[in-house]
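If you want the building blocks of each chain, they are given just below.
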Amino acid sequence: MSHDGVGLRAVMRSAAFLTAGVLAVPLLSACSADDEGDRPAAAQDIAPASRDQVADGGTLRWAVDAVPETLNAFQADADAATSRVAGAVLPSMYRLDANGRPQINPAYLESAKVVGTEPKQVVLYKLNQQAVWSDGREIGAADFAAQWRALSGKDSAYWTARNAGYDRIEKIERGKNNLEVRVTFARPYADWKSLFSPLYPKSVMGTADSFNDGARRKLKVSAGPFAVKKVDVKGGQVQLTRNPRWWGSPTKLSEIDLVAVARDKRATALAADELDMAEIDPADAERITAARGRSGPLKGASATGTQSPGAGRDKGEKDDSGEKTGKSKDEKARDDGKSKSDSDSDSDESSDGDEKDTSGAEGSKAKAAHQQAALSAFVVRKSLEPAYTQLALNGSEGPLADERVRRAVARALDRKELAKVVLKPLGLPAEPVGSHLALIGQAAYSDNSGALGGQDTAEARALLADAGWVPGGPVTEQKKTEKAAGSKGKKADTDDSPGDDGTYIVGEDNKPSEADRDLRKDPKDHTGAHERTSAQSGIQADEQQAGKQYAKQGGAQGAYAPKGTAAPAGAASGALAKDGKPLTLRFVLPSGQGSESLRAVADRIAQMLQRIGIRTDISKVSDASYFKDHIASGQYDLALYSWPGSAYPATDARPIYSKPVPAADGSLSVEQNYTRVGTDQVDQLFDQALSTLDEGEERSLVRKADARIWAAAGSIPLYQRPQLTAVRTGLANAGAFGFQTPVYEDMGFLKKGAHPVASPSKTG
């Protein structure tokens, strides 16, 4: 799970969503259109090139958030970097295609299929006869069996994060020969393709000690196109080098270095020639686009045009040691010149530092100009990330424990408008997500939002009235320590804005909007201030101005209303009240850099809720405390965060939407269902989906479960997250991957004069 600005968990088996109550409403059956999710909303953008156009050699420096705490993807502290390493160095029986659908990985499997269903489900794997571990041993049944035993959940000595699917296996045995593996299930398991991806060697999985500690900072045995050369925690990088025993298509790159660089430092690192590829935030994407002489919404930016300076890495020249560096002679010359200049600069600092102090302002401008020029060596490749942002409604207590209030909140939202806030300035399709359990392009996708209904202010007000919330009702004056109707909880860990504790209420006339607070912090920065429109105007400015506005303030034009703007037409004349308390919901948001778009969406949501008489108490808290102290502990009414999509929703969504149950100590066991809303019927639909071996029936059951989740309004999917990747010009088969699993052996720098196939994202 993630909120914008905090990285997603890479372990897709840990994905989560929400569950909701059962309602007697129409349209609980899911849409059955088989072609609804045939294509993703935005194509991947990786500058594809045939292998013969890619040079041999070179090092790809790829940014990650941090050096992984563990290289074992099945441990609780595995992260996105863990997943990236595993994808490059370990076997996966299946990998995802561009539509997010699992496909056999021919490097390891010749075939895999269900060969028996009675009395037990039996899956037969036929392995690629060339597949071997880096120590020369064949990949075989012993590795499958060791991983099953470790992840079955039967031995608590193994510190595993999950055992979904493995707990259904009864036995694993060798087939007719060493290349066959027979897996017999004790209970039918629809998502059997999710298993053994990645597959670790038996030397890691064979004992609890080796599982717990043997693969945290090293991985001695691997079987991918690359192998782990070094995990340098102090230096902040993981080095992957070619696996000399790799039997598949030879790797184009000599090395991949995963370099730990914080998001807010990546533009600087790119400009300083410390990275070749990095996922970036919209503001940095706008800088790179501007450096390349473009303006307006970000264009699809595959490296199809003339290569700019810095693209010479495609030649894969050798350095003095004979190793290929991926740099051209011209680039090496620039580096040598830069080193000499740096040396001269160090000498100058000791002799004429005072002179430098007098020209600090001009020096800063020159440095910024130099950095901006350096960014022209990169392009922005963009797609939609396989993850979506949702509005979570805590149904455990307060007003949102009433299903009618949750539904009223949902019916007040214009999800299309919210998607535009984030995606339109980037030139990406602004389509709201219609499913909790799959994304557009995936087999299980169906827009089931009709089970709840679309935006309808009158219906939202009627639901609130039915729940007893009426406008102009008597309100008992509350003490300062007493909370309005809403979630209980401790004081927010808010950021320290001058004259502001990070909390403000939308709907009170004397409270500024987010935009006004930003202007108050910097009175000189009035960029676009006179052009902002009221909430009811929406995004009306031309796309070029919208792109600039987004980059500067993290939101699209129209996301904020200027100070003093009258309430939108049709807004409730007064706060709704019940039992002497106003209807105010606590909206918790992260305060850190990278979350600007999330806060822009929250401001728009608050304005939409104000129209039906709901006030929102917006609390901005530190990134460190956002999930642990607020989302997981239930100290919120409304929150925005993201979940990764999954190719196996019946498995991965189950713990997110399962009905919370009382634990032995009297507390509520919620698994990953942080909205605390769940029903027996949703649980039953998931159980049925997991147990059928008919793929069509499984999809139908998943869609029915999704329709019921929509109807209960515990969480409201809003939009698929943007995926923006800065890539050095000339780097092929890499960038914004979208759903597809990266093919590490095909990545590399183009040969001189070669051009990739155009693959810009759709801009609908």
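Per chain, the residues get numbers from 1 upward, laid out in the order the sequence is written. Only residues with pLDDT of at least 70 are given local features in this predicted model, and only at 80 or more are side-chain atom pairs given and counted; all residues enter the totals for whole chains, interfaces and linings. Only heavy atoms go into the side-chain values, all of them from the structure, while hydrogens and water stay out.

Caption draft 1: The arrangement of the overall build of the protein chain in detail. Counting from the N terminus, the helices are DSSP H or I runs at least four residues long and the strands are E runs at least two residues long. Each helix and strand in the protein chain was counted, giving 19 helices and 26 strands. The buried label goes to any residue with under 20% of its type's maximum accessible area, the exposed label to any with over 50%, and the partly exposed label to all in between, with areas taken from a 1.4 Å probe on protein chains only. Taking all 764 residues of the protein chain together, 57% fall into the buried category. By definition, residues are in contact when any of their heavy atoms lie within 4.5 Å. The long-range share in the protein chain, meaning contacts at least 24 apart out of those at least 6 apart in sequence, stands at 75%. A total of about 30700 Å² of accessible surface is found on the protein chain, and carbon and sulfur atoms cover 47% of it. The Shrake-Rupley method, run with a 1.4 Å probe sphere, supplies the accessible areas, and residue values consider only the shown protein chains as cover.

Caption draft 2: Looking closely at the packing of helix H10 (residues 415-423) against helix H14 (residues 596-610). The convention used is that axes are lines fitted to C-alpha atoms, helices contributing only their stretch in contact, and that angles between N-to-C directions extend from 0 to 180 degrees. The interhelical angle for the contact between H10 and H14, taken along N-to-C directions, is 155°, at an axis separation of 9 Å. By the criterion of interaxial angle, the relationship of H10 to H14 is roughly antiparallel. The element H10 and its partner H14 pack so that their crossing is right-handed. Here Glu-417, Leu-418, Val-421 and Val-422 of H10 lie close against H14, whose contacting residues are Ser-597, Ala-600, Val-601, Arg-604, Ile-605 and Met-608. What sets the label is the angle itself: under 35 degrees gives roughly parallel, over 145 gives roughly antiparallel, 65 to 115 gives roughly perpendicular, and the rest give oblique. In this scheme the handedness of a crossing depends on how the near helix is turned from the far one: anticlockwise by less than a right angle means left-handed, clockwise means right-handed.

Caption draft 3: How the structure looks around helix H15 (residues 623-631). Residues of H15 that are buried: Ser-625, Tyr-626, His-630 and Ile-631. When H15 is viewed along its axis, its buried side chains cluster within an angular range of 145° and face the same direction. Among the exposed residues of H15, those pointing more than 90 degrees away from its buried face are Ala-624 and Lys-628. Turning to H15, the residues buried within the fold contact strand E19 (584-590), strand E20 (615-621) and strand E21 (638-644). Summarising the geometry, the arc corresponds to the directions from the helix axis toward the C-beta atoms.

Caption draft 4: Layout of the packing of aromatic side chains. Put simply, two rings from Phe, Tyr or Trp (the six-membered ring, in Trp's case) pair if the centres are within 6.5 Å, and we call them stacked under 30 degrees between planes, edge-to-face over 60, tilted for the rest. Counted under the stated rule, the structure contains 19 aromatic pairs. Measuring from centroid to centroid gives 5.4 Å for Tyr-166 and Phe-196, while their planes differ by 90°, and the two rings are edge-to-face. Remark: Phe-196 occurs in the loop between strand E7 (180-185) and helix H3 (202-205) and Tyr-166 occurs in the loop between helix H2 (141-151) and strand E6 (169-174); sequence separation between them is 30 residues. Grouping residues by exposure puts Tyr-166 and Phe-196 together as buried. Residues Tyr-657 and Phe-686 carry aromatic rings whose centres are separated by 6.4 Å and whose planes lie at 20° to one another, so their mutual orientation is stacked.

Caption draft 5: Broad picture of the nonpolar core. Only buried residues count toward a nonpolar core. Its members are Ala, Val, Leu, Ile, Met, Phe, Trp, Tyr and Cys residues joined through side-chain atoms within 4.5 Å. Core analysis: the largest hydrophobic core is formed by 177 residues, its most contacted members being Tyr-125, Phe-196 and Leu-391. One finds Ala-49, Val-54, Ala-732 and Ala-754 within the second-largest nonpolar core, a separate group that totals 5 residues.

Caption draft 6: Local environment of the sheet that holds strand E18 (residues 581-582). Two strands qualify as a pair provided that DSSP identifies no fewer than 2 bridges between them. Spatially, the 3 strands line up as an open sheet ordered E15-E17-E18, and their pairing is antiparallel. The open sheet terminates on both sides in strands that have one partner only, identified here as strand E15 (470-471) and E18. Relative to E18, strand E17 (residues 576-578) runs antiparallel, the two sharing 2 bridges. Looking across to E18, one finds that Lys-578 is bridged to Lys-581.

Caption draft 7: How the structure looks around the sheet that holds E7. Strand order in the open sheet made by the 4 strands is E4-E5-E7-E6, with antiparallel pairing throughout. Both outer strands of the open sheet, strand E4 (109-116) and E6, are each paired with one neighbouring strand and no more. Each adjacent strand pair in this sheet contributes to an overall mean axis angle of 15°, direction not counted. Note that strand E5 (residues 122-127) and E7 share 5 bridges and pair antiparallel. Bridge assignment links Leu-124 to a residue of E7, and that residue is Arg-182.

Caption draft 8: How the structure looks around the pattern of salt bridges. When a carboxyl oxygen of Asp or Glu is within 4 Å of a side-chain nitrogen of Lys or Arg, the pair counts as a salt bridge. Within this structure, the stated rule accounts for 25 salt bridges. With a closest N to O distance of 2.7 Å, Asp-143 and Arg-137 form a salt bridge. When salt bridges that share partners are traced, they join Arg-61, Asp-273, Asp-276 and Arg-728 into one network.

Caption draft 9: Inspection of the confidence of the model for the protein chain at higher detail. For the protein chain, mean pLDDT is 80; residues scoring 70 or higher make up 72% of the total. Taken together, the stretch residues 300-356 has pLDDT below 50 and engages in 98 contacts with residues farther than four places along the chain or on a different chain. Each residue carries a pLDDT score, the predictor's own confidence in it, on a scale running from 0 to 100. Below pLDDT 50 for its whole length, residues 489-501 participates in 29 contacts with residues either more than four positions away or in separate chains.

Caption draft 10: Just the pairing of strand E9 (residues 237-242), in detail. Direction of pairing for strand E8 (residues 226-232) relative to E9: antiparallel, over a ladder of 6 bridges. Pairing of Lys-230 across the sheet is with Gln-239, part of E9. Between E8 and E9, which follow one another and run antiparallel, lie 4 residues, and Gly-236 among them has a positive phi close to 75°. In this structure, E9 lies alongside strand E10 (residues 255-260), joined through 5 bridges in antiparallel fashion.

Caption draft 11: Structural view of unusual backbone geometry. Glu-118 connects to Pro-119 through a cis peptide bond whose omega is 0°. Of note, the phi angle at Arg-676 is positive, near 65°, even though the residue is not glycine. Along the chain, Arg-676 falls in the loop between strand E23 (668-669) and helix H18 (680-691). Overall, the relative accessible area of 14% leaves Arg-676 in the buried class.

Caption draft 12: Summary view of the environment of Ala-86. Looking at the secondary structure, you find Ala-86 in helix H1 (residues 80-89). In this structure, the C-alpha to C-alpha distance between Ala-86 and Gly-224, residues 138 residues apart in sequence, is 8.6 Å. Not counting residues within four places of it along the chain, the set of residues in contact with Ala-86 comprises Pro-198 and Tyr-200.

Caption draft 13: Representation of the pairing of E7 within the structure. Of all 6 residues in E7, 5 are buried, a share of seventy percent or more. Bridge analysis of E6 against E7 gives 5 bridges, and the strand direction is antiparallel. Looking at E7, one finds that Ile-172 is bridged to Val-183.

Caption draft 14: Quick peek at H14. To estimate how far a helix should extend, the number of its residues minus one is multiplied by 1.5 Å. In this model H14 runs 21 Å from its N-terminal to its C-terminal C-alpha over 15 residues, within 8% of the 21 Å that 1.5 Å per residue would give. In terms of burial, H14 is a largely internal element, 13 of the 15 residues being buried.

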